[in-house]
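Okay, here's what each chain looks like letter by letter:
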Amino acid sequence: MDAPVLQNFSAADFRARGRAHVISQTDEPNHWGDHRWNPGAEALFPTDDLREAAVLIAVVDRGPQSSLILTKRTETLRDHSGQIALPGGRIDPGDGSPEAAALREAQEEVGLAPSRVEVVGRLPDYVSGSGYRIAPVLGIVRPPVELVLNPTEVEAAFEVPLSFLMSPANHKVESRIWKERERLFYVMHFEERRIWGITAGILRMLYERLYA
């Protein structure tokens, strides 16, 4: 019997997938988001007056098995406190582009220098149930990775193998009652970390768009 073919999770492969990815007209507006995992409940999710934000999907070049930087937000933040997140935040008027905003936020949150990040593409905007339109920016980080955390925003930062996050076997669906209805969302359990909500939704979109 032939040995199974292992999928390539190198930064070079991620670069090729990111550069080849095209955001089509069918993805807009508000095609992707928390509502996508809840068919029939779209009316419960906001689509107007959304706050613009950007996150950095920061893939670290670790040879044949690259990894992705995630953070744990502090418990004192107003939005999504204590949750696992991608580096990012609101787009400021002076940013100029979602890519610039994602790089700025990553530097402010974890000290990731923009000069060490190669932007290779973008995913479609992701609409969150909390009222954000989020632009996921695809980037490759050149080691060494020397992070300096902003203690007012980030409690911890860590890397997760891209192969783990892009394996559908690790994508679990859980639910909770929200606005008197069952709401479904993705969850990825990595060691003692519980990656869920918006972050897991964006990572699931990354899988469907680039790796499925």
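This section reports on the structure supplied with the text.

Criteria and thresholds
Residues numbered from 1 in each chain as written. Predicted model: local features only at pLDDT ≥ 70, side-chain atom pairs only at ≥ 80, totals over all residues. Heavy atoms only, no water. Helix = DSSP H or I, 4+ residues; strand = E, 2+ residues; numbered from the N terminus. Buried < 20%, exposed > 50% of the residue type's maximum accessible area, 1.4 Å probe, protein only. Contact = heavy atoms within 4.5 Å. Areas by Shrake-Rupley, 256 points an atom, 1.4 Å probe, with all protein chains shown as cover. Axes fitted to C-alpha atoms, helices over the stretch in contact; angles between N-to-C directions. Parallel < 35°, antiparallel > 145°, perpendicular 65-115°, else oblique. Nonpolar A, V, L, I, M, F, W, Y, C, P; charged D, E, K, R; others polar. Expected span 1.5 Å × (residues − 1). Salt bridge = Lys/Arg side-chain N within 4 Å of Asp/Glu carboxyl O. Phe/Tyr/Trp six-rings, centres within 6.5 Å; stacked < 30°, edge-to-face > 60°. Lys NZ or Arg CZ within 6 Å of the ring centre and 35° of its normal.

**What about the overall build of the chain?**
Across its full length, the chain carries four helices and 12 strands. Considering the chain as a whole, with its 212 residues, one finds that 50% of them fall into the buried category. Once local pairs closer than 6 in sequence are excluded, the contacts in the chain between residues at least 24 apart make up 67%. Surface summary for the chain: the accessible area is close to 10300 Å², and the carbon and sulfur share equals 51%.

**Regarding the packing of helix α1 (residues 11-20) against helix α4 (residues 197-211)**
The geometry of α1 relative to α4 is characterised by a closest axis approach of 10 Å and an angle of 80° between their N-to-C directions. In terms of axis orientation, α1 runs roughly perpendicular to α4. The residues of α4 that touch α1, namely those facing Asp13, Phe14, Arg17 and Gly18, are Leu206, Leu210 and Tyr211. Among the residues making up the contact of α1 with α4, the classes are represented as four nonpolar, one polar and two charged.

**Focus: α4**
Between the first and last C-alpha of α4 there are 20 Å, a value that for 15 residues agrees with the 21 Å anticipated at 1.5 Å per step. Here α4 lies mainly inside the structure; 13 of its 15 residues are buried.

**What to know about the pattern of salt bridges**
A complete count under the given rule lists 14 salt bridges for this structure. Of the charged contacts in the structure, one is a salt bridge between arginine 17 and aspartate 13, with a shortest N-O distance of 2.5 Å. Residue arginine 17 and its partner aspartate 13 are both found in helix α1; the two are separated by four residues, about one turn of the helix. Accessibility expressed as a relative area gives 15% for aspartate 13, which makes it buried.

**Quick word on helix α2 (residues 98-110)**
With 13 residues, α2 extends 18 Å from end C-alpha to end C-alpha; this agrees with the ideal 18 Å at 1.5 Å per step. Taken together, the buried positions of α2 are occupied by Pro98, Ala101, Ala102, Leu103, Arg104, Glu105, Ala106, Glu109 and Val110. Of the surrounding elements, those touching the buried residues of α2 are β2 (51-60), β3 (67-73), β5 (88-90), β6 (117-122), β8 (132-141) and β9 (154-161). A positive phi of about 70° marks glycine 111, the residue just after α2.

**A short note on unusual backbone geometry**
Backbone torsion omega between proline 143 and proline 144 reads 5°, so that peptide bond is classified as cis. Checked against the element boundaries, proline 144 lands in the loop between β8 and β9. A positive phi angle, close to 50°, is found at glutamate 191, a residue other than glycine. Residue position: glutamate 191 is located in the loop between β11 (181-190) and β12 (193-196).

**What to know about the packing of aromatic side chains**
Think of a pair of aromatic rings as described by two things: how far the centres are apart, and how the planes are tilted against each other in angle. All chains considered together, the criterion is met by three aromatic pairs. When the centroid spacing of 5.6 Å and the interplanar angle of 25° are considered together, the rings of phenylalanine 9 and tyrosine 211 count as stacked. With a gap of 202 residues between them, phenylalanine 9 in the segment before α1 and tyrosine 211 in helix α4 connect regions that are remote in the sequence. Arranged with centres 5.2 Å apart and planes meeting at 55°, the rings of phenylalanine 185 and tryptophan 196 form a pair that is tilted. Highlighted residues: phenylalanine 185 in strand β11 and tryptophan 196 in strand β12, separated in sequence by 11 residues. As far as the burial class goes, phenylalanine 185 and tryptophan 196 line up, both buried. The ring of tryptophan 32 is capped by arginine 36, whose NZ or CZ atom sits 3.9 Å from the centre of that ring. Lying over the aromatic face of phenylalanine 158, arginine 193 brings its terminal NZ or CZ to 4.3 Å of the ring centre.

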